[in-house]
Structures are given as C-alpha cells and as structure tokens.
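Take a look at the letters that make up each chain.
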Amino acid sequence: MATNTIEVVVESIKHESPFVKSFRLVAANGSSLPRFSGGSHITTFLQTEQGIIERHYSLTTDPDLSNYYQIAIRRNNQSKGGSVYWHDHIKTGDKLQISYPKNHFPQSFKAQHHVLFAAGIGITPFLAMIADLKKKGKSFELHYASPSKELCAFHDFLTSNYPNETYFYFSKEKRKMTTDLMKNQPIGTHVYFCGSEAMMREFAKDAKTFGYSKKSIHFELFTPPDFGPEHSFQVKLSKSNQLLTVSEDEKLLETLFKHNIQAPYSCKIGGCGSCQIDVLKGEIDHRDYFLSETEKKEGNVMLTCVSRAKSGCLVLDL
C-alpha cells in the first residue's frame, strides 16, 4: 500500500441507480480534506481477507468543498472484486485509506467551449468538472448516454442543477449519442470522453477525423486498455545485471515491486506516463495511451504498468 495516504470514514451511502452507489467519505480525524481540481480521482485501499484491493475512483463533488469527498461505484459482477466488495461489504462507519487526489484528466484552461461525453458510470469525473466550469462561467455542454432514465445515475441531480447544459441519450428509447455531436462546434472547442474503452476509441478516432487536434481531445481510462493476450518475458536490469521473469498474468511494474526495486508509478493503466523508463535493448509491446506513435516507433522508452516485450528480453536502464 502507498505510504502517503489519508484515513477516511464512510459517512453515508446512497443508491444513485439500481447498480450505482455513491459513498461520502470524511477525514477520520475530523479535519478538512485536500482541495482538488475537476477530473481528479483518488485511489482507495480496501483491506480484505484476500489482501488489499486497490482501485481508482473519480471525485464527484464540487472541487471547492473540503469537508467531504464523494465517489460513485457501479456494481460489476465481472470485476475482480473491487466494485462487488464496495457494494456488498462496505457500510456506514467503515474506515479505509485513500490516496491524495491526482488528476490525469484535467479540463483545458485554453478551451473556449467544453463538450463532455459520458457513457454509463463514465459520468463520474464530469460531475466535479461541470461544477467547476459552471462556477467559473465557462461554456460547456454535457452529453450522457445510459440504457434508460431509471438506470441513469445522477439523472435528477443533473436535471435540477444543469438543465440547460445536459442532454440525455437513452438506448431503450432508441436515442443514441453519436460522434456527429462533435461536428460544427465553435473554434476553440475541446472534447472529453469517459465510458467504455470501445466508446472512447470511437470518439477519439472520429474527433481526429473531424479535425480536432490531439491537444483538444481528452479521455480517461480506469482500466488498462485491452491489446490482446499477454505472454511471459524477461527483463535485464543494466545497472545490477539482474535478470527477472515477468509472468503472463503479471505486469512489469508488479515484478519490479516484488523484487524490491523502486520504480515510479501513478495511474497503473498506461495513461499518465509516470512509470516511463528507458529501454536500452529489445522489442517493446506498447500497450499504453500515453506515448506518441513516434515515441513508440523509436522504441527506447516504455511504461512499466502496462507494456511488455514482444519477444525475448528487454534491457532496462534500471
């Protein structure tokens, strides 16, 4: 577990939809919580019988509030335990450790207009973002896709607080949120996506087709992108001549930690670049969304949290 954490207490729990619960967290010592910016998330550490479950969740409250944090979690029976544990075991009064807020999904200060696209639980990072945008008098619109009004978390909250900026798309009503909504937007518009990996790939691809620059396209991942099967490989640490084997069900970053090798990291999903290291030799299987295509082709850096070797052995500058 990270050493720089905050102990919090679950003050209250609320059903936001049949499958989504929100959890209000307050500091265990009664103090204020650190301020954050719209789009920020925290890492939560749950101590279970099977070990520590570490998960990232967006902060959904107004960034200027410091007396509590709120996160919202959708129950996913196919998950590896995080959402199910939160829904089935966490109760009011429970204590847990969280990280300080981090932001890998900030809003642009240069944007003249912000267009936000949320699908399902992807609404969560936008709740704090639109609170900030509204307060600062910025121009924005929120497009939110959900199966139905009944399954749409925060529907009533958004309707009450952002009636002129929010547009809903319910698939059961045959109303689809399409990428065409990015067309004919004013000059200086930035677009933001949060939802399934497939949704974000589609919207990011079409945004480029419509002429949006890379700097005006923003999205957030909470799980590593799926680039297909993972195979075991070896790495050689050039500074110690140590040879390590990374198994098929383990990340390079995890292997480094297991061997007490200090390595930087933050998001653990290939989105922020904090774990980037130099590669001296070997062919890299890049599985991140952070490095540019040019950097990937040059093949001399990699992100240890998601990327691997295509074959053989990688020699790392560690």
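Higher on the page you've got the structure.
Calculation rules
Residues numbered from 1 in each chain as written. Predicted model: local features only at pLDDT ≥ 70, side-chain atom pairs only at ≥ 80, totals over all residues. Heavy atoms only, no water. Helix = DSSP H or I, 4+ residues; strand = E, 2+ residues; numbered from the N terminus. Buried < 20%, exposed > 50% of the residue type's maximum accessible area, 1.4 Å probe, protein only. Contact = heavy atoms within 4.5 Å. Pairing = 2+ DSSP bridges. Axes fitted to C-alpha atoms, helices over the stretch in contact; angles between N-to-C directions. Salt bridge = Lys/Arg side-chain N within 4 Å of Asp/Glu carboxyl O. Right-handed = clockwise from strand over helix to strand, strands pointing away.

What to know about the environment of Tyr-212
So, step 1. One can find Tyr-212 in the loop between helix H4 (197-209) and strand E11 (217-219).
So, step 2. A relative accessible area of 13% means that Tyr-212 is categorised as buried.
So, step 3. Here the alpha-carbon distance between Tyr-212 and Leu-158, two residues 54 residues apart in the chain, equals 27 Å.
So, step 4. Residues in contact with Tyr-212, not counting those within four places in the same chain, are Met-182, Gln-185, Thr-189, Val-191, Ala-207 and Ile-217.

Here's the deal with the sheet that holds strand E12 (residues 233-237)
So, step 1. The strand order across the open sheet built from five strands is E13-E12-E18-E14-E16, with neighbouring strands paired in mixed fashion. In this open sheet, the two edge strands, each paired with only one partner strand, are strand E13 (242-246) and strand E16 (301-303). Neighbour-to-neighbour, the strand axes of the sheet open up by a mean angle of 40°, direction not taken into account.
So, step 2. Both strand E14 (residues 276-281) and strand E18 (residues 313-316) contribute to a ladder of two bridges, which runs antiparallel. The residue of E18 that forms the bridge with Lys-281 is Val-315.

Re the pattern of salt bridges
So, step 1. Inspection of the entire model under this criterion finds 16 salt bridges.
So, step 2. Its salt-bridge partner being Asp-132, residue Lys-136 comes within 3.2 Å of it at the nearest N-O pair.
So, step 3. Across the pair Arg-308 and Glu-230 runs a salt bridge, and its minimum N-O distance is 3.6 Å. In this pair, Arg-308 sits in strand E17 (residues 308-309) while Glu-230 sits in the loop between E11 and E12, placing the two residues 78 residues apart along the sequence.
So, step 4. Among the residues examined, Arg-308 registers a relative accessible area of 1% and is labelled buried.
So, step 5. Here Glu-230 falls in the partly exposed class, since its relative accessible area comes to 24%.
So, step 6. Through salt bridges with shared partners, a single network forms among Glu-230, Lys-251, Asp-285, Arg-287 and Arg-308.

Let's talk about the pairing of strand E8 (residues 140-146)
Strand residues, when the strand is regular, have side chains that alternate between the two faces of the sheet.
So, step 1. Most of E8 is tucked away: seven of the seven residues are buried.
So, step 2. Taking every second residue as pointing to the same face, both faces of E8 are buried, with Phe-140, Leu-142, Tyr-144 and Ser-146 on one and Glu-141, His-143 and Ala-145 on the other.
So, step 3. This β-α-β element, strand E7 (residues 113-119) to helix H2 (residues 124-135) to E8, shows right-handed connectivity.
So, step 4. Crossover connection from E8 via helix H3 (residues 155-161) to parallel strand E9 (residues 166-170): handedness right-handed.

Let's talk about the environment of Ile-90
So, step 1. You can see Ile-90 is positioned in the loop between helix H1 (82-89) and strand E6 (95-99).
So, step 2. Residues Ile-90 and Ile-13 lie 77 residues apart in sequence; the distance between their C-alpha atoms is 9.1 Å.
So, step 3. Ignoring anything within four residues of it in the chain, the contact list for Ile-90 reads Val-10, Ile-13, Phe-23, Leu-46 and Tyr-85.

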